[in-house]
Amino acid sequence: MGLLALGTPLEWPEAKKVASKVRSWGIEQLLAIWGNAKGKERAALLWGDEIEYLVVCYDEQNRKVRLSLRQADILAALANDEKLLQEGGGVPDVQRGPVKEGETAPVFHPEFGRFMLETTPGKPWGIGFKDLLDVEPNMKWRRIIAKDHMEATEYPITLTTFPRLGSPDCIVPAYPASGPKLRSQYVPDEIANPHIRFPTLAANIRWRRGRKVEINVPVFRDEKTQWPFKDPTVNYHLHQWPEDDDVRNGAAKDNHVYMDAMAFGMGSCCLQITFQAKNIQEGRTMYDQLSPLGPILLALTAATPIYKGFLVDTDVRWNQISRAVDDRTPEELGEKPLQNDRWRIPKSRYASNSTYISQDPRLRPEYLDPDLVVDEDIKRRLVEGGMDDLLATHFAHLFIRDPIVVFAEDLETLDLSKADHFENLQSTNWQHMRFKPPPPNTDMGWRVEFRPMEIQITDFENAAFSIFIVLITRAILSFNLNFYLPIQRVSENMETAHKRDALSAEKFWFRKNPFGSHAHSTGTSTPADGSRPPTPVGPVDDEYEQMTINEVINGQQAADGGDCFPGLISIVESYLDSMNVDVETRCDLARYLDLIRKRADGTYWTAAKWIRHFVQTHPKYEKDSVVGDEITYDLVKAAEQITREEGRDGLGKEMLGKRR
């Protein structure tokens, strides 16, 4: 969860007047952190995972399932559980117990949707391999604790989105749509967390862009789908707010499912991993080298084939969230000539990365975005303050945005011992990687968030993907791997990952040789090209090619016996070999790597493919793309059963295999 603060929020016209001041103060706070923490060293790599639940409520009698808006009640129950507090758990923003020397209970957090719950381990995971084997039991423990603090009819489900969010009668308690903050045709303001930050964020995004957010997802065309498809849920005759004109002005596109509120994006669940690096250099390396892996893991975890009660022709959530928080004006979008705004901005503030930041001699200028939009005044101030050009460019790019939520009380004095103004901008730039400076007055180090993965139905899968990305990160650092691609190719891959069944049907740009010149020893600890500037050694286009995800994960088969990409699994296993991991631990880790291997080669389905198949083979499905109440009820019930049984009873075996 991003920055949560209390105060008097400014409506957009007032917030706009102080945007420059907030940016300026944020940069001064960043420079203060930089001065204090640029030499900070931590003992070892730490990491943590973040799981998000949808809280569903079953109406067994009517075979209907709705989203429960009882987040506040559930968090209050968790914060007042004496046993949980004694074990070190709780709700950090309200009350939690002391962190234990040994096992510490998990903690829970609010999220944007009042139907969501976020949970993290009670303390970071360490570097030991035994810690990796504790992840799955801990995730199961978290779900049990969450369920124990819910009503008997409620359950914490890990689906990316609720299939019928935005459909009639999809929440409990019920509220009327078209409130003053979201002004949505489909969802009420009460669907959002009541903390003042969230409705203000939604309202000010809408106010800044001059219209509601516009989310159009291609509908899946089945045998009896009306074609051309015109979203039958759109009300063209609503006249409650000025923004109701949006649909009359073409906001709802033909052959697309239309949505109009932040809740359709920020109401999505994900699996997120945060790494604490030993120092800033290691953090910058992780940020860069994990960036090209983001689209691969997005496609591998694809789990989002339904929106607003319709099957759609995409498999992942990313672009829908991007559009749900897109605050760009018509000028910034390029729809009108620049007059009042400073520049045209190619991406939403929720998007794939646009920068690399490591001071790595292998980072060639050709990998960078030649059209990157940067606030040159901010970059100049950062460089004057001692920051290197590459990192200054990164933050000067993030700070082209306006702060959306500004509290009047925070504008009285600049406090360099805080990071509130910096985090105001930093935490509302939602890219697929995030580079996080240490918070002031803490012992935390430099951190990197890996953000693209979709939440999986089972704790086993979520643990497998968490462990996999941790092992890849350790292999990157141990072997000094090089996954650099031109950043534009990474953005292309993010788009490719959205396509239906991209895992099996599409190819992704990927580097041919992650070892490079480091495979040839120079007889010193310094790589052969480490002492010279990063001048081109050959055409950049020769360094990468299009690969299937199976090739990226499991390796290429060279027809002529020549060099080929070995696959990420092979690299991980080489790393484990080098660490002399004991046989028992190695066998336990192999269960997780086997899931990744078989997901990549198509033996096991993605959740998106399984959900789509479940709907299309349901007796109530009429081959018209519509996912009705009964289908949704059975789907959510099936997801709960799979969560409990993990394929042991045969349900979901296409995703998990037949487990013992």
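Placed above this text is the structure.
What comes next is a walk through the structure.

Reading the values: rules and limits
- Residues numbered from 1 in each chain as written.
- Predicted model: local features only at pLDDT ≥ 70, side-chain atom pairs only at ≥ 80, totals over all residues.
- Heavy atoms only, no water.
- Helix = DSSP H or I, 4+ residues; strand = E, 2+ residues; numbered from the N terminus.
- Rg over C-alpha atoms; globule rule 2.2 N^0.38 Å.
- Buried < 20%, exposed > 50% of the residue type's maximum accessible area, 1.4 Å probe, protein only.
- Contact = heavy atoms within 4.5 Å.
- Areas by Shrake-Rupley, 256 points an atom, 1.4 Å probe, with all protein chains shown as cover.
- Lys, Arg positive; Asp, Glu negative; His and termini not counted.
- Charge placed at Lys NZ, Arg CZ, Asp CG, Glu CD.
- Axes fitted to C-alpha atoms, helices over the stretch in contact; angles between N-to-C directions.
- Parallel < 35°, antiparallel > 145°, perpendicular 65-115°, else oblique.
- Nonpolar A, V, L, I, M, F, W, Y, C, P; charged D, E, K, R; others polar.
- Core = buried A, V, L, I, M, F, W, Y, C linked by side-chain atoms within 4.5 Å.
- Phe/Tyr/Trp six-rings, centres within 6.5 Å; stacked < 30°, edge-to-face > 60°.
- Salt bridge = Lys/Arg side-chain N within 4 Å of Asp/Glu carboxyl O.

Side note on the overall build of the chain
- Looking only at helices and strands, the chain has 24 helices and 19 strands in total.
- For the chain, whose C-alpha radius of gyration is 24 Å, the value lies close to the compact-globule estimate of 26 Å for 660 residues.
- Residue burial in the chain is summarised as follows: out of 660 residues, 60% are buried.
- Contacts spanning at least 24 positions in sequence make up 75% of the contacts within the chain whose residues lie at least 6 apart.
- Accessible area for the chain stands at about 25,400 Å²; split by element, carbon and sulfur atoms hold 49% of it.
- Distance between charge centres in the chain, computed from 81 positive and 98 negative side chains, equals 1 Å.

Comments concerning the packing of helix H16 (residues 459-479) against helix H21 (residues 583-601)
- Close contact between H16 and H21 brings their axes to 9 Å; oriented N to C, the two are set at 95°. Between H16 and H21, the crossing angle belongs to the class labelled roughly perpendicular. Mapping the contact onto sequence places Phe460, Glu461, Ala463, Ala464, Phe465, Ile467, Phe468 and Leu471 in H16 and Leu589, Arg591, Tyr592, Leu593, Leu595, Ile596 and Arg599 in H21.
- Of the residues assigned to the contact of H16 with H21, the class counts are 12 nonpolar, no polar and three charged.

Quick word on the nonpolar core
- The biggest cluster of nonpolar side chains holds 191 residues, and the ones touching the most others in it are Phe275, Leu290, Leu300, Phe468, Ile553 and Leu568.
- Here the element with the most residues in this core is H16; it accounts for 12 residues.
- Setting aside residues no more than four positions away along its own chain, Leu568 makes contact with Leu293, Phe468, Ile472, Phe483, Phe510, Val552 and Ile553.
- Counting residues in hydrophobic clusters, the runner-up holds 10 residues, among them Tyr367, Tyr484, Ile487 and Val490.

Some points on the packing of aromatic side chains
- Taken as a whole and assessed by the stated rule, the structure comprises 21 aromatic pairs.
- When the centroid spacing of 5.8 Å and the interplanar angle of 65° are considered together, the rings of Phe395 and Phe422 count as edge-to-face. Here Phe395 is found in helix H14 (residues 389-398), whereas its partner Phe422 is found in helix H15 (residues 420-426), with 27 residues between them in sequence. Just as Phe395 is buried, Phe422 falls in that class too.
- On the numbers, 6.4 Å between centres and 75° between planes, the contact of Phe479 with Tyr575 is edge-to-face. One end of the pair, Phe479, is in helix H16; the other, Tyr575, is in helix H20 (residues 568-578), and 96 residues separate them in sequence.
- For Phe479, a relative accessible area of 26% translates into the label partly exposed.
- Among the residues examined, Tyr575 registers a relative accessible area of 5% and is labelled buried.

Considerations on the side chain of Ser178
- With respect to the helices and strands, Ser178 occurs in the loop between strand S8 (171-172) and helix H6 (197-209).
- If we ignore the near neighbours within four places in the chain, the residues touching Ser178 are Arg183, Ser184, Val187, Leu238, Gln240 and Trp241.

Regarding the environment of Ala408
- Within the secondary structure, Ala408 sits in the loop between H14 and H15.
- Residues in contact with Ala408, not counting those within four places in the same chain, are Thr8 and Leu10.

With respect to the environment of Gly647
- Within the fold, Gly647 resides in the loop between helix H23 (629-645) and helix H24 (653-656).
- In the structure, Gly647 is positioned 58 residues away from Leu589 in sequence and 19 Å away in space, judged by C-alpha atoms.
- Beyond its immediate stretch of four places on either side in the chain, Gly647 contacts Ile642, Leu656, Gly657, Lys658 and Arg659.

Overview of the pattern of salt bridges
- Summed over all chains, the structure comprises 57 salt bridges.
- The shortest N-O distance in the salt bridge between Arg143 and Asp459 comes to 3.0 Å. Here the residue Arg143 occupies a position in helix H5 (residues 129-148), and Asp459 occupies one in helix H16, the gap between them amounting to 316 residues.
- The class of Asp459 is buried, set by a relative accessible area of 4%.
- In this structure, Glu449 engages Arg451 in a salt bridge whose closest nitrogen and oxygen atoms are separated by 3.0 Å.
- Because the salt bridges share partners, they merge into one network encompassing Arg23, Arg208, Asp327, Glu332, Arg349 and Asp402.

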